[in-house]
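# Observations on the model geometry
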Amino acid sequence: MFRYIGVAALVVMALLLEACAPKSQSDCGFVQNVYGERVSWKADVPVTMYLHDSVPNEFIPAIVSAAQTWERKSGRRLFNIVTTPRVSGPNQPRTDGKNVIYFMNTWETEKASEQARTTILWTGDQIRETDIRVNAKVDPETSKPFFSFYWNQGTGSGVNIEALILHEMGHVLGLKHNDAGGSVMATYLKNNDDRTELSEQDTTDLKCEY
Ligand SMILES: [Zn+2]
């Protein structure tokens, strides 16, 4: 008898929780929270992004250009790229209330094939902080970087840094991976792939939140 009462009480509690939970939304390509709501910056744009000392000057135009590509499609100012002053201190992402791009000289050995990673901190359905880390680790055996980066269409050999940053900025905005239809949010970026324009789907997804 006692056991039944316990179960009934749990069911009532679960129903109450469900009644209070926000309505779930279609994902539109965005990360969703436990309630199925899209996670994004909402009206809190432009997102101010800082550059750590480790970001090579030569790649600043690529970073600015990637930000502008997202903005062109949304028709809104989405990013405020702060090129000066730089963020100094340890080359290690930290929870400091700032969105920062790092070119890391350390990377987990078991994830050596990962070109970059973006971490997102959110509460509810609101993004609070993001950090982009680019894998600029040097291979101790060859003394060469695992990835060489270039920018400007068709000029280099290696990873197009604008395409890479464009993808990571999609994560900053809240977008998740999309391996269909030439999306810039595809999981993998091949060498010498100058993928610097959003797909139709990317633009449609973007407009769900921005
Ligand atoms: Zn990704």
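Here goes a summary of the coordinates provided.

What counts, and where the lines are drawn
- Throughout, a residue's number is its position along its own chain's written sequence, starting from 1.
- Totals for whole chains, interfaces and linings use all residues, but because this is a predicted model, local features are given only for residues with pLDDT of at least 70 and pairs of side-chain atoms are given and counted only at 80 or more.
- Working from all heavy atoms in the structure, the side-chain values ignore hydrogens and water.
- Here a donor is any nitrogen, oxygen or sulfur atom (N, O, S) within 2.8 Å of the metal, with 3.2 Å used for Na, K and Ca; water is not among the atoms considered, so some sites may look incomplete.
- Buried residues are those whose accessible area, probed at 1.4 Å on protein chains only, stays under 20% of the maximum for their type, while exposed residues exceed 50% and partly exposed ones sit between those limits.
- The pairing criterion for strands is at least two bridges between them, as found by DSSP.
- Only DSSP runs of H or I with at least four residues qualify as helices, and only runs of E with at least two residues qualify as strands; both kinds are numbered from the N terminus onward.
- Crossover handedness is defined here as right-handed if the route from the first strand over the helix to the second strand goes clockwise, with the strands pointing away from the viewer.
- Axes, fitted as lines to C-alpha atoms, cover a helix only where it is in contact. Angles between the N-to-C directions of the axes lie from 0 to 180 degrees.
- Any two residues whose heavy atoms approach within 4.5 Å are treated as being in contact.
- Both site types are read off a 1 Å grid over the protein atoms alone. A 1.4 Å probe that fits but cannot get out defines a cavity, while an open set with protein on both sides within 12 Å along at least five of seven lines defines a pocket; lining residues have an atom within 4 Å of a point.
- Grid points are joined across faces, edges and corners, and a volume is the space filled by probe spheres set on the points.
- Gly is put with the polar residues, along with every residue not named as nonpolar or charged; the nonpolar set is Ala, Val, Leu, Ile, Met, Phe, Trp, Tyr, Cys and Pro, and the charged set is Asp, Glu, Lys and Arg.

## Considering the coordination of the zinc ion
At this site the zinc ion is bound by H167 (NE2), H171 (NE2) and H177 (NE2), with donor distances of 2.0 to 2.1 Å. Counting gaps between the donor residues of the zinc ion yields the pattern H-x3-H-x5-H. Judged by its relative accessible area of 13%, H171 falls in the buried class.

## Some points on the pairing of strand β2 (residues 79-87)
Relative to β2, strand β1 (residues 47-52) runs parallel, the two sharing five bridges. Paired with V47 across the bridge in β2 is F79. In this fold, the crossover linking β1 to β2 by way of helix α2 (residues 60-74) has right-handed handedness.

## Here's the deal with the sheet that holds β2
Within the open sheet, the five strands sit side by side as β2-β1-β3-β5-β4. Their pairing is mixed. On the outer flanks of this sheet lie β2 and β4 (116-123), each paired with one strand and no other. Direction aside, neighbouring strands of the sheet carry axes that sit 20° apart on average. Where β4 lies against strand β5 (residues 126-135), eight bridges are found, and the strand directions are antiparallel. What sits directly across from L121, in β5, is E129. This element, α2, spans β1, β2 and β3 (99-104) of the sheet and lies at about 160° to β2.

## Brief notes about the layout of surface pockets
Considering only enclosed or pocket space, the largest pocket measures out at about 320 Å³ in volume. What lines the largest pocket is a set of 17 residues, among which E114, Q115, A116, T187 and Y188 lie closest to the centre. Within the residue set of the lining of the largest pocket, elements represented by two or more residues are β4 and α3 (161-173). With five residues, the top contributor of residues to the lining of the largest pocket is α3. Along the lines of polarity and charge, the residues of the lining of the largest pocket split into six nonpolar, seven polar and four charged.

## Observations regarding the environment of A62
Tracing the backbone through its elements, the reader meets A62 in helix α2. C-alpha separation for the pair A62 and L164, spaced 102 residues apart in sequence, amounts to 9.6 Å. A62 has contacts with W151, I161 and E162, leaving out every residue within four places of it along the chain.

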